Amino acid sequence: MTLTDAPKSVALTDEVLTYVQDQVVLSDVQRDLVERTRALGGVAEMQIPSAQGALLTLLARTVNAQTIVEVGTFTGYSTLALAQGLLPGGQVLTCDLSAEWTGIARRAWEAAGVADRIRVELGPAADTLRRIPDEPVVDLVFLDADKAGYVEYWELLVPRVRPGGLLLADNVLYAGEAASPDATGNAKAIRDFNAHVLADDRVESVLLTVSDGLTIARKKH
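What you see is a predicted model, and the numbers here were worked out from it, not measured in a lab.

1. A few points about the pattern of salt bridges
And step 1. In total, this model carries 13 salt bridges according to the counting rule given.
And step 2. With its nearest N and O atoms 2.9 Å apart, the salt bridge here joins Glu 35 to Arg 38. Of this pair, Glu 35 and Arg 38 both sit in helix 2 (residues 28–38), 3 residues apart, which is roughly one turn of that helix.
And step 3. Its relative accessible area of 51% is what places Arg 38 among the exposed residues.
And step 4. One network of salt bridges, with partners in common, ties together Arg 119, Glu 121 and Arg 131.

Now the structure itself:
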């Protein structure tokens, strides 16, 4: 594909990114959580941007989600967004390894009034996912954890997602490094995951240039 054949795109300058973020109205709880996470230092980059959080809420509402599984909680911004999109009586099961980070998350969920919709499982995510019943009852999945584990998580979750349900995977561009055939480390793991999803005939999928790359896949009927 030549540049003239390429689809339209906009250069994501700081001005454009700020403008996009300004289209999302944050609650006081969300603002406080962003600040608390920022205070952690460099790891704060793992928090999804507010526009992506708004997208998660919208997608959860679009599929009338009652059961959501999240792999990778961090400080809980994405979990909060997903919980806000649930139907009444719904639940987000979120998996993480850090009691410290999920402790920050719990305080935000309590303040937002959604803590009763969220169940945290600490420990290796694959072990947690294997304990989920085999029936396809999950409405939405969000993967945002260790990149080397993505394919395993995918294989554990696709059979548990209902027809018409969504699977979302974050960081699928890995700062653009996943586009290189010579990718190594986490970038290669993501590149391999992207190829795995593309070849999976159980789903239809698209890779979007949202934030660090977001794959949206729909389980086929």
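2. A short note on the layout of surface pockets
And step 1. By volume, the largest pocket amounts to about 680 Å³.
And step 2. Lining the largest pocket are 32 residues, with Met 46, Asp 144, Ala 145, Lys 147 and Asn 171 sitting closest to its centre.
And step 3. Looking at the lining of the largest pocket, the elements with two or more residues in it are helix 4 (77–84) and strand 2 (91–96).
And step 4. As for the second largest pocket, its lining consists of 14 residues, and the residues nearest its centre are Leu 12, Leu 17, Val 20, Val 210 and Ser 211.
And step 5. Of all the elements in the fold, those that place two or more residues in the lining of the second largest pocket are helix 1 (14–21) and helix 3 (50–62).
And step 6. Broken down by element, the residue count for the lining of the second largest pocket peaks at 4 residues, all from helix 3.

3. A word on the packing of helix 2 against helix 4
And step 1. Relative to each other, helix 2 and helix 4 sit at 160°, their axes nearing to 10 Å. The pairing of helix 2 with helix 4 is recorded here as roughly antiparallel in orientation. For helix 2 against helix 4, the interelement crossing comes out left-handed. Contact residues: helix 2 offers Val 29, Gln 30, Leu 33 and Val 34, while helix 4 offers Tyr 77, Leu 80 and Gln 84.
And step 2. Classifying every residue of the contact of helix 2 with helix 4 by side-chain character gives 5 nonpolar, 2 polar and no charged.

4. Brief notes about the nonpolar core
And step 1. Ile 68, Leu 140 and Leu 168 are the most contacted members of the largest nonpolar core, which has 32 residues in total.
And step 2. Ranked by the residues each element gives to this core, the list is headed by helix 4, at 5 residues.
And step 3. Those residues in contact with Ile 68, other than ones at most four positions away along the chain, are Ala 60, Leu 82, Leu 86, Gln 91, Val 92, Leu 93 and Leu 140.
And step 4. Formed by 27 residues, the second largest nonpolar core is a distinct cluster that contains Cys 95, Leu 156, Leu 157 and Val 203.

Thresholds applied
- Residues numbered from 1 in each chain as written.
- Predicted model: local features only at pLDDT ≥ 70, side-chain atom pairs only at ≥ 80, totals over all residues.
- Heavy atoms only, no water.
- Salt bridge = Lys/Arg side-chain N within 4 Å of Asp/Glu carboxyl O.
- Helix = DSSP H or I, 4+ residues; strand = E, 2+ residues; numbered from the N terminus.
- Buried < 20%, exposed > 50% of the residue type's maximum accessible area, 1.4 Å probe, protein only.
- 1 Å grid on protein atoms, 1.4 Å probe; cavity = no way out; pocket = protein on both sides within 12 Å on 5 of 7 lines; lining within 4 Å.
- Points joined across faces, edges and corners; volume = space filled by probe spheres on them.
- Axes fitted to C-alpha atoms, helices over the stretch in contact; angles between N-to-C directions.
- Parallel < 35°, antiparallel > 145°, perpendicular 65-115°, else oblique.
- Left-handed = near helix turned anticlockwise from the far one by under 90°.
- Contact = heavy atoms within 4.5 Å.
- Nonpolar A, V, L, I, M, F, W, Y, C, P; charged D, E, K, R; others polar.
- Core = buried A, V, L, I, M, F, W, Y, C linked by side-chain atoms within 4.5 Å.

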